Structures are given as C-alpha cells and as structure tokens.
Amino acid sequence: MKRPFAELSGTGSYAPKRVMTNDEFSKILETSDQWIRERTGIRERRVSSKEESNACMGKAAALQVLEQNGLTPLDIDAIVYATASPDRLLPSAACDLQAILGAKNAAAFDVGAACAGFVYSLNVAEGLIASEQGERVLVVAAEKLTSIMDWTDRTTAVLFGDGAGATLVRRATGTKGVLSSYMKSDGTLAELLYRPGGGAAHPPSDDLLKDHSYYIKMAGREVFKAAVLSMADACDHALQRAGLSAGDLDLLIPHQANIRIIEATAKHAGVPMDKVYVNVDRFGNTSAASIAIALDEAVKTGRLTPGMTVMFVAFGAGFTWASMVVKW
Ligand code: ACO
C-alpha cells in the first residue's frame, strides 16, 4: 500500500441552532413531509440566523480543530475554504475567516467546487504541503445556502441547509493519511445546476430581483442521474488508485444530497449501507460542508476510529465530482 504523504488531523463542525422541519415547509409551499422524506430522505435541516454568518460558522468548526491539535491560529500556514455561499463576493470567505480567527501568518483563498468543494480542498491542501507552501493547512467547508436558495421554489428550497465543518491537513508521519484521490469536472453541464444572475455577466439589477435568477436553479432529475454516474466513477477511481477494493473500506462518507443517490452510490461501490455514514435526514444538502460535517460526526460518535479506512465521495454544481481514500 502507498505510503501517505499527507494526513487529516482533528475534525470540527458547527450546526446552526434553528432546526426547520418538513412540516414547516408544507405551511409555506405546496409540499409535504411525506413527499420530501420519500424523494430525498430529508426530515429537517438547519437554517442559520443573521449572526451565524458563513465565516462565523467556519470559525466555530476551525477552533475545534485547532484545539484538538494544540495549535493557535498563528500556527496556520494556509486556509483553504470550500463554499458556494460566501458572506460576500469579494474578498474570499477564507480571508474573512482569517481576519476573525486572527490567523495572520496564513495564505487564504477559496475553492469553488460546490458540493465537491471539501474533497477538492483536501487535495489542494495536500498540494500546498507538497510544494512547501506550509505544513499546517486548515481546510474549512461552510455553507449558508438558505440565503441563496429560492424560498418560493419547492423543487429546490426543501433540499438545502446550512452548516460548517473543518479539518487540518499536515504532512503524514506514519501509515495514516491520504491513500488516493480523484477529481473531475464537466463545465458543459453547468446550467443544470447554477445561479444564473448576480455575477459579472448579469450584475445585480431590478430585473434580476424580480425573476429570482440570483438563486440556485436546478434540473433535479438530470442532476440526480449525473450524480449517481459521477459518484460511481469517483468511487471506482479512488479505490483503484489506492489499490483497494470495496471490502477494504470500513466507512463510506458520501456527499449528503439525497438518500436515493447515497444508496445508489453505495450499491455501485459494493459497500453495504451499514458502512455508509448518513445524516442527510438531519441536515439536508449542505453542499461543500456536507462531508466535513459528516466526518466530524463520524469521529465524535466513534463510527470512524484510528486505523480504519474511509472513502469520501462527492458530486456538485459544475459539474464537479471527487473522491478520496484515507487511512484514519
Ligand atoms: N414537494 C412536492 N412536489 C414536488 C416537490 C416538492 N418539494 N418538488 C418537486 N415536486 C414535484 C415536481 O413538480 C414534479 O411534479 P409533476 O410530475 O407534476 O411535474 C414531481 O414532484 C416529480 O418531480 P421530479 O423532479 O421528477 O422528482 P424527483 O423524484 O427527481 O426528485 C429531487 C426531485 C429530490 C430534486 C431529485 O431529483 C434530486 O435529488 N436531484 C439531485 C439533487 C442533487 O443531488 N444535488 C446535488 C448537488 S447540489 C449542489 O451542488 C449545490
């Protein structure tokens, strides 16, 4: 087995206080708890308050990671921040976090890979260490999707939630760490899942406000099919690159978008559902943050313990997809 170059050390997460149930959606949209549960597996999601900004949620997750590693913010060499819902468009969410964390020795930047952002960022962090940019790279994935989703559109609003997760990537010292990874994109399919307005091509205007084109738009059925195919592709590549088979995995942590996508991915990969971490029922789709939150929960509940082999697999807007096998 390949000797890992980088390892993940410590995990943290933050879930906004407010829990919103499916029944609450059925009071504001033509939907039902039964429809949402049967089609997605989601029972409830977290909705952040004004005070719970993207960067504040990221900070809460990051502080847990620093504490577990016995580090202060000044020890961090780089912050890689995965998000599709930054507090503002300029500067990056990473720089906002750097400021409120006081990590003044770090380089800080965002990774825009939507739901695959956390796995992409882990890869970037490993690359930063390889190119000797630093030894301690904080990877944070945080989303405030409820601020960029259309609350009047039942086909998307019921799916998303807010939250944050984090970990530290550092040079491996033994056999634990990243065994393989895989990243892929297909920008030709961008308009199946995107925010059409609000960027430089269609700057903010009254028309944009009226037609809701600054919110997330999704062709759900097409995205569903692409997610299943892409996550299968990503599982195959990461396992093959690690020289492992599904039977060698102790845990699979897939992006939490829809229980049916998760089940199809597990089936393709040959991983039984009792080895698959699922929290989509409690969080909905938190995009980049989803695997990071699930990872933290898996560690804190003892589902993922030292020596285990875990695979992350993600799919999101772009389209982007990615996977990673890690010896924990
Ligand atoms: N409540 C009630 N009915 C609804 C709702 C709702 N919330 N949403 C849609 N419907 C209706 C539709 O209007 C449609 O009605 P019609 O038949 O009269 O036209 C019917 O339900 C079926 O709609 P479908 O879109 O075919 O439903 P589907 O079974 O595909 O489920 C869903 C929709 C849940 C969105 C699914 O397609 C899905 O999960 N897609 C993938 C989402 C995803 O994985 N995203 C990942 C990336 S997200 C990111 O990157 C930020």
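For clarity, every value in this text was computed on a predicted model and none was experimentally measured.

**Considerations on the domain arrangement of the protein**
For step 1, the next point in the chain: Domain parsing of the protein yields domain 1 (6–174) and domain 2 (178–327).
For step 2, the next point in the chain: Between the C-alpha centres of domain 1 and domain 2 there is a distance of 14 Å.
For step 3, the next point in the chain: Taken together, the 51 residues of domain 1 in the interface contact 45 residues of domain 2.
For step 4, the next point in the chain: Both faces combined, the contact of domain 1 with domain 2 buries some 3800 Å², and carbon together with sulfur accounts for 63% of it.
For step 5, the next point in the chain: The interface formed by domain 1 and domain 2 holds 1 salt bridge in total.
For step 6, the next point in the chain: Summed over the shared surface of domain 1 and domain 2, the result is 22 residue pairs in polar contact (both at pLDDT 80 or more).
For step 7, the next point in the chain: Of all elements in the fold, only β1 (6–14), α2 (33–40), β3 (44–47), α3 (54–69), α5 (117–130), β6 (136–144), α6 (154–157) and β7 (162–171) reach the threshold of two or more residues within the side of domain 1 that touches domain 2.

**Focus: the packing of helix α8 (residues 220–242) against helix α9 (residues 259–269)**
For step 1, the next point in the chain: In the contact formed by α8 and α9, the axes pass within 9 Å of each other and the chain directions differ by 35°. Our pair here, α8 against α9, has a crossing hand that is right-handed. When α8 is examined against α9, the residues Phe-224, Ala-227, Val-228, Met-231, Ala-232, Cys-235 and Asp-236 are found in contact with a partner set consisting of Arg-260, Ile-261, Ala-264, Thr-265, His-268 and Ala-269.

**Some points on the pattern of salt bridges**
For step 1, the next point in the chain: Under the defined criterion, the tally for this structure stands at 9 salt bridges.
For step 2, the next point in the chain: We note a salt bridge from Glu-24 to Arg-18, for which the minimum N-O separation is 2.8 Å.
For step 3, the next point in the chain: A relative accessible area of 39% means that Arg-18 is categorised as partly exposed.
For step 4, the next point in the chain: The partner of Glu-297 in a salt bridge is Arg-282, and the shortest N-O contact between them spans 2.8 Å. A residue pair is termed long-range when its members are at least 10 positions apart, and Glu-297 in helix α11 (residues 289–300) and Arg-282 in helix α10 (residues 280–283) qualify at 15 residues.

**Side note on the nonpolar core**
For step 1, the next point in the chain: Ranked by internal contacts, the top residues of the largest apolar core, which has 44 residues, are Phe-25, Leu-252, Val-271, Met-311, Phe-315, Phe-319 and Val-325.
For step 2, the next point in the chain: If you list the elements that add at least two residues to this core, you get β8 (177–185), α8, α9, β12 (309–316) and β13 (320–327).
For step 3, the next point in the chain: Take this core: its biggest share by element is 9 residues, from α8.
For step 4, the next point in the chain: Both domains that meet at this core, namely domain 1 (6–174) and domain 2 (178–327), each give it at least three residues.
For step 5, the next point in the chain: Contact partners of Phe-25, with chain neighbours within four places excluded, come to Met-20, Thr-31, Ile-36, Arg-45, Met-149, Trp-151, Ala-157 and Val-158.
For step 6, the next point in the chain: Among the nonpolar cores identified, the runner-up in size contains 37 residues, and Ile-291, Ala-294, Ala-314 and Ala-322 belong to it.

**Points about the site of the ligand**
For step 1, the next point in the chain: Taken together, 25 residues lie around the ligand, and Thr-31, Arg-39, Cys-115, Arg-221 and Asn-258 are the ones closest in.
For step 2, the next point in the chain: Within the side chain of Thr-31, an N or O atom sits 2.6 Å from a nitrogen atom of the ligand.
For step 3, the next point in the chain: Here an oxygen atom of the ligand and a side-chain polar atom of Arg-260 are 3.1 Å apart.
For step 4, the next point in the chain: When atom positions are compared with the pocket grids, the ligand is found to occupy the largest pocket.
For step 5, the next point in the chain: Listing elements by their share of the shell around the ligand, those giving two or more residues are α2, α6, α8 and α9.
For step 6, the next point in the chain: Ranked by residue count, the leading element in the shell around the ligand is α8, at 4 residues.
For step 7, the next point in the chain: Class assignment of the residues belonging to the shell around the ligand gives a composition of 12 nonpolar, 8 polar and 5 charged.
For step 8, the next point in the chain: The residues that make up the shell around the ligand include at least three from each of domain 1 (6–174) and domain 2 (178–327).

Calculation notes
Residues numbered from 1 in each chain as written. Predicted model: local features only at pLDDT ≥ 70, side-chain atom pairs only at ≥ 80, totals over all residues. Heavy atoms only, no water. Domains from an automatic or database assignment. Contact = heavy atoms within 4.5 Å. Buried area = accessible area lost by both parts, 1.4 Å probe. Salt bridge = Lys/Arg side-chain N within 4 Å of Asp/Glu carboxyl O. Polar contact = N/O pair within 3.5 Å; in protein donor to acceptor, adjacent residues only side chain to side chain. Helix = DSSP H or I, 4+ residues; strand = E, 2+ residues; numbered from the N terminus. Axes fitted to C-alpha atoms, helices over the stretch in contact; angles between N-to-C directions. Left-handed = near helix turned anticlockwise from the far one by under 90°. Buried < 20%, exposed > 50% of the residue type's maximum accessible area, 1.4 Å probe, protein only. Core = buried A, V, L, I, M, F, W, Y, C linked by side-chain atoms within 4.5 Å. Near = heavy atom within 4 Å. 1 Å grid on protein atoms, 1.4 Å probe; cavity = no way out; pocket = protein on both sides within 12 Å on 5 of 7 lines; lining within 4 Å. Sits in = over half its atoms within 2 Å of the grid points. Nonpolar A, V, L, I, M, F, W, Y, C, P; charged D, E, K, R; others polar.

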